[in-house]
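Each chain, written out:
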Amino acid sequence: MPEHGLRIANLRCRVAGNEILKGIDLTVEPGRVHALMGPNGSGKSTLALSLTGHPQYEVTGSVELDGEDILSLPPDKRARAGLFLSFQYPAAIPGVKVANFLHAARQAEKPGDMPPAKFRALLLEKMDQLGIDPSFMGRYLNDGFSGGERKRLEMLQLAVLAPKYAIMDETDSGLDIDALKDVGSCIAALRASSEGRDMGLLIITHYPRILQYVVPDVVHVMIDGRIVETGGHELAHRIEREGYDRLREEAGASTPLTPSAAV
Amino acid sequence: MPPSSTLSAATPQATGLYERLAALDPVVRAPDARREALDRFFRLKSRREKTGRFWRIDFDSIVPDPRSIDQGFRLSVETGDPVVRALDLPAAAREHPAALARAMGATGIAAGKFGALADAFAARGVFIHVPADHACDEPIVIRYHADAATAIFPYTVVLAERGARVTIVERLGAETQAFVCGATEIVTEDHADVSYAVLQQAKEGSRVIALRAARPGRDARIAWASADLGGELAAGELRVNITQPGAEARLTALFFPRASQHVDLVSTVEHEAGEASSETMVKSAARERGQARFLGNIRIAPHAQGSDARLRDDVLVLSPTAHVDSVPALEIGANDVKAYHGATVGTIDEEQVFYMQSRGIDAAAAGRMIALGFFEPAVERFPSARLRDEIRAELAGKLS
């Protein structure tokens, strides 16, 4: 009987020769919400991209998704196994229409599970929930989208792909309060649905703001490529009050990495 | 260039070409005019005098076997509009010579080497005549097809009278070893609007040359769109001569050589009158040993103040053995103009592939979607949804 969960053990990652992740252990259980907080440059996005399979990252350690080792898989097979990343900086792909892309992605991840008419109805419902204008369907993927539009589109993909485990990499940055509420209610609706009830979430953020809308069961703090503290959601409030400096001192961390080295 | 590849008027093949001219329709073109045009063909240098490192096509050696000329020429026209005149060239030359003469020869298309060849052998083709203020809503479809190992010289003439509007789709096909040298001339009179799209799907081993030129009148519009997807060699020019203010020209070209295909395309916009605009978009990809050359000419005459000329040219190189040369050539003689040129040459972007992979799409499928997307802004400028879908399917086939 495999152990359920997204189980990350001793994960290390080098980017362009620099070690960014220095041994991460973290397990996201089905249906649970984990928040990963930390200052800029601590390696949060690197963790997200390592899990997703960024082609230029050298990653060691182990990552199991419901018992399946996914670290040796290409990114598309990780996605089909049930992993999703809401990108901090989603790529723009001119000429590829949002509707075609969403359909291709759904077909790739859950082939033939939904007739086109039903898929279309699902899209319209989720777009309405996320405050996305239906005209988006005919636009080119992320091309000329504002930061907020990109993030809403990431959430739309999360909603229509309904993965087992989702990583949200700073989905809140660049969103105004209304957009943040839309994102929060979209996630709440997904978690209340039969498809999304068991979804495990890893929310990466450096502000606790989004955590008012999606309350975490567990909060981790990452500094300099290591998780230095883990606690309940009250840890997020403590960080809001105190900042990261005290945790950084306690961890004995060196000077923070420059953001460019950690992206 | 080795002397053996240069065809002179003294070779048996050239003699055969002159003899073949004498058998062609004397009303469409007078025999003297044909001979004069063929003389010019032999006298003129091809635009591509030098064969380069990646370019070994010798334009002087590709003239056809004279005996095959017009022996396998298939032509049809579909139009549901009784007001629009769509005639075979010989019928037009006999029944409506005055109307035909308003457009045929009006763009100076015969000035270049292969324009002269097309002019010399102009005998079959189509004349489309749209009367003043008539809007033809359904696209007119012209089909030209060359049988295997034959040569055809399809000549298309479009006259859109004042305020007329028409969309024409040309489908150009050729079997293996065929040779096509065609010309299209469009005259849009004042306030007229013509959209002309070409889908070229010639078979392997065929060679297709197409010269296309338009002359819009005052406040008239012309839209060229060409998709050169077939043939071993596809060469030609898309040209607009702006001689009246208020004219608007839109040129779109896409091509995608693969295997051993060569494409050699020139776009030319001559701004000879001011207060007119042109916008050229070229999207090309190449894979395997596919080769392409594109030359984008924009010329703004010194007196053409207030011109607005744009040229956008993007190249996607899909194999290390593929090669695309892309050369913009802007000559701007006036000072109060807008002129823009943008070009990119690139490969499939790894970050884009990664993003699509993260949504479950495998790398090969992602690459195909991205490459199709690269062409999409050009595909969208073609008229008719069916034609666009057909172009997308052709491109998808070339990507798989």
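Keep in mind that what you see is a predicted model, and the values were worked out from it rather than measured.

Some details on the overall build of chain B
Working step 1: Helix and strand content of chain B: eight helices and 19 strands.
Working step 2: Here the C-alpha atoms of chain B give a radius of gyration of 21 Å, agreeing with the 21 Å that 2.2 N^0.38 yields for 400 residues.
Working step 3: Taken over the C-alpha atoms alone, chain B extends approximately 65 × 50 × 45 Å along its principal axes.
Working step 4: Here chain B holds 400 residues, and the buried ones make up 51% of them.

Concerning unusual backbone geometry
Working step 1: Phi at Ala149(B) is positive, roughly 55°, even though this residue is not glycine.
Working step 2: Positionally, Ala149(B) belongs in the loop between strand 4 (140–146) and strand 5 (151–152).

Re the interface of chain B and chain A
Working step 1: In this complex, chain B contributes 20 residues to the contact, which on the side of chain A involves 22 residues.
Working step 2: For the side of chain B that touches chain A, the element with the most residues is helix 7 (residues 363–379) of chain B, which contributes nine residues.
Working step 3: Looking at the side of chain B that touches chain A, its residues break down into ten nonpolar, five polar and five charged.

Description of the domain arrangement of chain B
All names here are of chain B.
Working step 1: Taken domain by domain, chain B consists of domain 1 (3–345) and domain 2 (348–400).
Working step 2: Just the C-alpha atoms count here: the centres of domain 1 and domain 2 sit 27 Å apart.
Working step 3: Taken residue by residue, the interface counts 19 residues in domain 1 and 15 residues in domain 2.
Working step 4: When contributions to the side of domain 1 that touches domain 2 are tallied by element, the ones reaching two or more residues are strand 7 (165–174), strand 9 (193–200), strand 11 (221–228), strand 13 (248–255) and strand 15 (277–286).
Working step 5: Of the residues belonging to the side of domain 1 that touches domain 2, the class tally is 13 nonpolar, four polar and two charged.

Observations regarding the sheet that holds strand 5 (residues 68–69) of chain A
Think of a sheet as strands paired side by side through backbone hydrogen bonds, with each pair either parallel or antiparallel.
Residues and elements named next belong to chain A.
Working step 1: With antiparallel pairing, four strands are arranged side by side in an open sheet as 2-1-4-5. Strand pairing shows two members of the sheet lacking a second neighbour, strand 2 (18–28) and strand 5, which therefore form its edges.
Working step 2: With two bridges connecting them, strand 4 (residues 57–65) and strand 5 associate as antiparallel partners. The residue bridging Glu-64 from the neighbouring strand is Asp-69, located in strand 5.

Some remarks on helix 6 (residues 177–192) of chain A
Residues and elements named next belong to chain A.
Working step 1: Helix length check: helix 6 (16 residues) gives 22 Å between terminal C-alpha atoms against 22 Å at 1.5 Å per residue, within 8%.
Working step 2: What helix 6 keeps buried is the set Ala-179, Asp-182, Val-183, Cys-186, Ile-187 and Leu-190. The buried residues of helix 6 occupy an angular sector of 130° when projected down its axis, which confines them to one face. The exposed set on the far side of helix 6, more than 90 degrees from its buried face, consists of Ile-177, Asp-178 and Ala-192.
Working step 3: Looking at the buried positions of helix 6, the neighbouring elements they touch are helix 4 (116–130) and helix 5 (147–161).

Quick notes on the environment of Leu153(A)
Residue and element names in this part refer to chain A.
Working step 1: Relative to the helices and strands, Leu-153 resides in helix 5.
Working step 2: For the pair formed by Leu-153 and Ile-132, sequence separation is 21 residues and the distance between their alpha carbons is 7.9 Å.
Working step 3: Setting aside chain neighbours within four positions, we find Leu-153 in contact with Val-98, Asn-142 and Phe-145.

As for the sheet that holds strand 11 of chain B
Residue and element names in this part refer to chain B.
Working step 1: Judged by pairing direction, the sheet is mixed, and its nine strands sit side by side in the order 1-4-7-9-11-13-15-17-19 without closing on themselves. Strands with a single pairing partner mark the edges of an open sheet, and in this sheet they are strand 1 (73–78) and strand 19 (338–346). Put simply, the sheet's adjacent strands are angled 5° from each other on average, direction ignored.
Working step 2: The pairing of strand 7 with strand 9 spans eight bridges and is classified as parallel. Bridged to Ile-168 within strand 9 is Tyr-196.
Working step 3: Running over the sheet, helix 7 touches strand 13, strand 15 and strand 17 (308–317) and is turned about 160° from strand 15.
Working step 4: Taken strand by strand, helix 8 (residues 385–399) contacts strand 7, strand 9 and strand 11, and its axis lies near 30° from that of strand 9.

Considering the pairing of strand 6 (residues 155–160) of chain B
All names here are of chain B.
Working step 1: Counted residue by residue, strand 6 has six buried out of six residues, so it is predominantly covered.
Working step 2: When strand 3 (residues 125–130) meets strand 6, the two strands line up parallel, connected through six bridges. Looking across to strand 6, one finds that Ile-128 is bridged to Val-158.
Working step 3: Here six bridges tie strand 6 to strand 8 (residues 179–188), and the two strands are oriented parallel to one another. Bridge pairing in strand 8 places Thr-156 opposite Thr-184.

A closer look at the environment of Ala286(B)
Residue and element names in this part refer to chain B.
Working step 1: For Ala-286, the location among the structural elements is in strand 15.
Working step 2: Classification of Ala-286 by C-beta neighbours within 10 Å gives buried; the count is 24.
Working step 3: It is 9.8 Å that separates the C-alpha atoms of Ala-286 and Leu-399, two residues lying 113 residues apart in sequence.
Working step 4: The contact partners of Ala-286, leaving out residues within four places of it in the chain, are Phe-256, Pro-257, Arg-258, Gln-291, Ala-292, Val-317, Leu-318, Ala-322, His-323 and Val-324.

A short note on helix 1 (residues 12–21) of chain B
All names here are of chain B.
Working step 1: Leu-17, Arg-20 and Leu-21 are the residues of helix 1 that are buried. What you see down the axis of helix 1 is that its buried residues fit within an arc of 105°, all on one side. Looking at helix 1, the residues exposed on the side facing more than 90 degrees away from the buried face are Pro-12, Thr-15 and Glu-19.

A few points about the nonpolar core
Working step 1: Residues Ile203(A), Ala118(B), Val158(B), Val166(B) and Val180(B) are the most contacted members of the largest nonpolar core, which totals 202 residues.
Working step 2: The element contributing the most residues to this core is helix 7 of chain B, with eight residues.
Working step 3: Both domains that furnish three or more residues to this core are identified here as domain 1 (3–345) and domain 2 (348–400) of chain B.
Working step 4: Once residues lying within four places of it in the same chain are set aside, the contact partners of Val158(B) are Ala103(B), Ile128(B), Ile168(B), Ile186(B), Val194(B) and Tyr196(B).

The rules behind these values
Residues numbered from 1 in each chain as written. Chains lettered and ligands numbered in written order. Predicted model: local features only at pLDDT ≥ 70, side-chain atom pairs only at ≥ 80, totals over all residues. Helix = DSSP H or I, 4+ residues; strand = E, 2+ residues; numbered from the N terminus. Rg over C-alpha atoms; globule rule 2.2 N^0.38 Å. Buried ≥ 20, exposed ≤ 12 C-beta atoms within 10 Å, placed from the backbone. Contact = placed C-beta atoms within 7 Å. Nonpolar A, V, L, I, M, F, W, Y, C, P; charged D, E, K, R; others polar. Domains from an automatic or database assignment. Pairing = 2+ DSSP bridges. Expected span 1.5 Å × (residues − 1). Arc of directions from axis to C-beta. Axes fitted to C-alpha atoms, helices over the stretch in contact; angles between N-to-C directions. Core = buried A, V, L, I, M, F, W, Y, C linked by C-beta atoms within 7 Å.

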